[in-house]
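Structural overview for review
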Amino acid sequence: MACRRPTLSKRNIEISIVYKDLVQGPGPEQPNPMVTVFYCSGQHGWVAHTHTQLKGHVNHEYRCTFVFDSEVLVNKVRLDVFRLKDCTTGSNSGSVEFALSGLIVAPARKLWLDLCSHEGKKVGDIIVEASNVVVTSSSEEHSLHVTSRFTLCKIPGSKFSCFKMDPSLSCVFCELLERPVLLPTTSPSKISAIEQATESKMALHLPVILLNYYVDKYSYCVGVLQGLRKLCEPWQKQRQKALVYFEALIERYSCALRNLSQQQSRTFKSSRLKCSKDLEFLPTNLHVQRLHIYHRRGTGCAHDVLTLGAPAAHSLGFWDGGLRSLLHKASGVTCKVLHNLWLLHHMHADLTQKSKLLSKALEVQSDCCWERLMSLIDKQELTLPVDQSLTILVKRIDSYLLGKTEGMSQSNERSMEKCADSICRMMQKTADVVMSTADCLGFSLLQEPSQTLRRCLNLQLRRDVVFSQTLAAVVSGVVLRLHALISEPRMLQAMQSVGILVHFEGLLSTFRDERGMIEDLSVGVLDMCSVHFCFVAASRVAQAAFLPNVQEYGEGWIVEVPLLPNLHDQLPPEFRDKAKISLFPVFFNVGINEEQVLADWIGDTSLQQKINEEAYSRLVGYHSQLQHSLYNFSDQDEDIRALLSDLRHSVQDNRPQGPHILHIAAEVCRRLGGVRLTCCKSGKDRTAMAVTLEQVFLLQQHGLPAADVNPTLDHMRSQGCRIEIARKNVGRKKYAFNALQLKAFPRQYRPPDGTYTVLES
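Please read all numbers here as calculations on a predicted model, not as lab measurements.

In terms of regular secondary structure, the protein chain is built from 22 helices and 25 strands. Residues counted as buried form 55% of the 761 residues belonging to the protein chain. Only carbon and sulfur atoms are counted for the fraction: they give 51% of the accessible area of the protein chain, which is about 33,900 Å².

Confidence in the prediction for the protein chain averages 77 pLDDT; 69% of positions are at 70 or higher. Looking at the elements of the protein chain, mean pLDDT is at its lowest for strand S13 (residues 144–146), recorded as 35, and at its highest for strand S18 (residues 500–506), recorded as 96. A low-confidence stretch, residues 134–161 (pLDDT under 50), is modelled with 101 contacts involving residues beyond four sequence positions or located in other chains. Within the model, pLDDT remains below 50 along residues 403–417, and this stretch shows 17 contacts once partners closer than five positions in the same chain are excluded.

Further remarks concern the side chain of Ser 476. With respect to the helices and strands, the residue Ser 476 is situated in helix H10 (residues 450–485). Overall, Ser 476 belongs to the buried group, its relative accessible area being 0%. Once residues lying within four places of it in the same chain are set aside, the contact partners of Ser 476 are Phe 173, Ser 200, Met 202, Leu 286 and Leu 306.

With that out of the way, let us pick up a nonpolar patch on the surface. On the surface, Val 597, Leu 598, Trp 601 and Ile 602 cluster together into a nonpolar patch covering about 480 Å² of accessible area. Checked against the element boundaries, Leu 598 lands in helix H15 (residues 594–602).

Strand order in the open sheet made by the ten strands is S14-S15-S16-S17-S23-S18-S22-S19-S21-S20, with mixed pairing throughout. Each edge of the open sheet is held by one strand with a lone partner, namely strand S14 (173–181) and strand S20 (549–553). Across the sheet, the mean angle separating the axes of adjacent strands is 25 degrees when strand polarity is ignored. Here S18 pairs with strand S23 (residues 675–680) via five bridges, running parallel. Looking at S23, one finds that Val 502 is bridged to Val 675.

Attention now moves to the packing of aromatic side chains. In total, this model carries ten aromatic pairs according to the counting rule given. Seen in terms of ring centroids, Phe 584 and Tyr 622 are 5.0 Å apart; in terms of plane orientation they differ by 50 degrees. Their pairing is tilted. Taken together, the residues span a long stretch of sequence, with Phe 584 in strand S22 (residues 581–589) and Tyr 622 in helix H16 (residues 606–629) at a distance of 38 residues. Of the two residues examined, Phe 584 and Tyr 622, each falls in the buried class.

Turning next to helix H11 (residues 489–498). All of the buried residues along H11 are Met 491, Leu 492, Ala 494, Met 495 and Val 498. Looking straight down H11, one finds its buried side chains confined to an arc of 160 degrees; they lie on one side. Those residues of H11 that are buried lie in contact with H10, S18, strand S19 (531–537), helix H14 (573–576), S22 and H16. Directly after H11, the chain includes Gly 499, whose backbone phi takes a positive value near 95 degrees.

So, on to the pattern of salt bridges. In this structure the tally under the stated criterion is 27 salt bridges. Between Arg 671 and Asp 639 there is a salt bridge, with its nearest N and O atoms 3.6 Å apart. Here Arg 671, found in helix H18 (residues 660–671), pairs with Asp 639, found in helix H17 (residues 634–652); they are 32 residues apart in sequence, far enough to count as distant. Residue Arg 727 pairs with Glu 724 through a salt bridge whose shortest N-O separation is 3.0 Å. Pair noted here: Arg 727 and Glu 724 are both in helix H21 (residues 721–730), with a separation of three residues, about one helical turn. By relative accessible area, Arg 727 is classed as partly exposed at 37%. It is possible to trace a salt-bridge network through shared partners that takes in Glu 505, Asp 639, Glu 667, Arg 670, Arg 671, Arg 676 and Glu 694.

When you line up the elements, Glu 175 lands in strand S14. Residue Glu 175 is classed as exposed on the basis of its relative accessible area, which comes to 55%. With 92 residues separating them in the primary sequence, Glu 175 and Thr 267 have C-alpha atoms 9.0 Å apart. If near-sequence neighbours (up to four positions away) are discounted, Glu 175 is found in contact with Ala 197, Thr 198 and Glu 199.

In this structure, Phe 535, Phe 588, Leu 647 and Leu 699 are the most contacted members of the largest nonpolar core, which totals 144 residues. Of all the elements, helix H3 (residues 202–226) adds the most residues to this core, at 16 residues. If we skip the residues at most four places from it in the chain, Leu 647 touches Phe 588, Tyr 616, Leu 619, Ile 661, Ile 664 and Ala 665. Core analysis: the next-biggest nonpolar cluster, separate from the first, contains 20 residues, Val 35, Ile 104, Leu 111 and Leu 115 among them.

Turning to its location among the elements, Leu 583 is positioned in strand S22. For the pair Leu 583 and Val 531, spaced 52 residues apart in sequence, the C-alpha to C-alpha distance is 6.6 Å. Discounting chain neighbours no more than four positions away, the residues touching Leu 583 are Val 474, Val 478, Ile 500, Val 502, Met 528, Cys 529, Val 531 and Phe 533.

Tracing the sequence through the fold places Asn 566 in helix H13 (residues 565–569). Owing to a relative accessible area of 47%, Asn 566 belongs among the partly exposed residues under this scheme.

Quick look at the pairing of S23 now. In terms of residue burial, S23 counts as a mostly covered element, since six of its six residues are buried. Judged by which residues are buried, S23 turns out to be covered on both faces: Val 675, Leu 677 and Cys 679 on one side and Arg 676, Thr 678 and Cys 680 on the other are all buried. Two elements, strand S17 (residues 300–309) and S23, share four bridges in a ladder whose sense is parallel. Bridge pairing links Leu 308 to Cys 679 in S23.

About the criteria used
Residues numbered from 1 in each chain as written. Predicted model: local features only at pLDDT ≥ 70, side-chain atom pairs only at ≥ 80, totals over all residues. Heavy atoms only, no water. Helix = DSSP H or I, 4+ residues; strand = E, 2+ residues; numbered from the N terminus. Buried < 20%, exposed > 50% of the residue type's maximum accessible area, 1.4 Å probe, protein only. Areas by Shrake-Rupley, 256 points an atom, 1.4 Å probe, with all protein chains shown as cover. pLDDT = per-residue confidence, 0-100. Contact = heavy atoms within 4.5 Å. Patch = residues over 30% accessible without salt bridge, like charges linked within 9 Å, V, L, I, M, F, W, Y side chains within 5 Å. Salt bridge = Lys/Arg side-chain N within 4 Å of Asp/Glu carboxyl O. Pairing = 2+ DSSP bridges. Axes fitted to C-alpha atoms, helices over the stretch in contact; angles between N-to-C directions. Phe/Tyr/Trp six-rings, centres within 6.5 Å; stacked < 30°, edge-to-face > 60°. Arc of directions from axis to C-beta. Core = buried A, V, L, I, M, F, W, Y, C linked by side-chain atoms within 4.5 Å.

Right, dumping it as structure tokens:
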């Protein structure tokens, strides 16, 4: 009877490496080894798996541990060892190979191997040890089928969907990047972690939708001006100038729309293109970063943060400041007239759509139908202001079409002919009111100086650019949050009543151009108050069916989040009927660079002070509302109150504000179940320092000892996802800092040596 070979069950495996007696290099400095791990499945040759520095220098021993993080069939493993000059460059020292079967059957599952150079000379000793292995009996070929333990981590009450496993998320997010967080081998902590970073298709999808709306809106204004009767000479010249301004604006939007329509595969705009007019509506360097933390006792969690370059109109410059100051200076009359004209346009379009549906309904020959239509008519309401009149009318038509109109007359005396005449007169009267009001608003535009209209349109262009960039980032984060809330109906209902907290964290200075970026971003964040979300069932399984859609809704926007039909059916009834979920945005900013140091000493920091005070007040208000919606919120309410108290003292302190404000606000946001976004000018350098620091704070909360903080932080910044994102932007795995600049940075925000240089950001 043939002897069966032992094989491994489908379970994770850890491989630890001890590197001993490393031959000293030519220089006096100590060796700084790094190992690159390859595996072979017998089908595609050697495949790169991971790389990490070997930590420690005790008795000339260097250690590391790694796991396989994708489903592969592993037969052999190869280790290539390099001697690093800095964190990113080095020379090859040697390599060693071993069969996995030999490691499993070896005593204590240990192998002692010689590390040899390419010339065959021994340059050190390698000890390889396997753990977390279960051996079974089988006649199959000896190999390892390993699965990731980091793909989907969950803890009770905090469920996160996986980018790979959820089809509705894999259609929204793409270009997934994964890096293991390798903690020091000597660490007593019982946790493991992995970083993930992905791009969002919302970066292109939503700006294209918005641009179509913008072109249609401004074209309506042109139609109103052209529809005015023949004007006398002074007014005719004013109309011609106004038409020139509107047509130039429409051409800019149309050109941007054409360029984006030709780049359907684009999901990423690098920081070097932030000033491009062709891509000005796209967010800069938008990524979703996720940290999975795994406990060896079987539980885990995941934390998301979105990173991007600050939403701002870089293509328009900041010579006159940003939106916050420009809106204060702008003519309130002209902007209000434009706003009312656009509101009228939306109401008229909505009414036209409902009129078509009514025409079809009139074909139904039944007394009940005619009586319901008669209940919509109230001539007295047509004497109200046009916006109120149209709003009431559209709501009543909606109610009728849904069959939910209440208080209908039970009389059957009215004839069908009389009802039809009344409805026709009502529609004609409404159309006359709409046209008359549009003419009045159009003529009002001509009464202002032409330069005032031009400045107002340029201001609206800036606001549209900032809104488009901000919305793309916010929708990406809120979609993730809503998917996490699907399995928590009670929390979902609380979010419906108070809104989803959206926390923007800015690292911009209050000096020169970055001050204008803060002003743009602060307005863009508050504009998110006009955005609402609802769930819809996906009409088909195709990828495009899962991309969120945006529709204009009165003075705001509705984002429809598609779900698989089976998930949609599990929602509470009100959400299946498109119940709206609002947003509650807050924006905290603390400048972190040498320009902020100058601003603290000789400049003006009142803008930052005011923004943080406003954000604190809004955050306290949100906490109070959420308390009333969640009855068992008191178990962590004491901690949140303490954090808010610390935040109040930090915000109101007269001394220069430090990054601890951002740390406290971020912790409050996480405890309140909010969406986190972090941004600097480019979204890759200061943002990388902030995100990696936040991830280490999270690891500390899960048991990472204080002694391991700095090594783990340096590893994330030199070998993790953020250095790869820097490479995507500038072509090199370097952060754009210089030594003099870093002296003004807080110590926790400084990258490790060898990972930065002077680059265009």
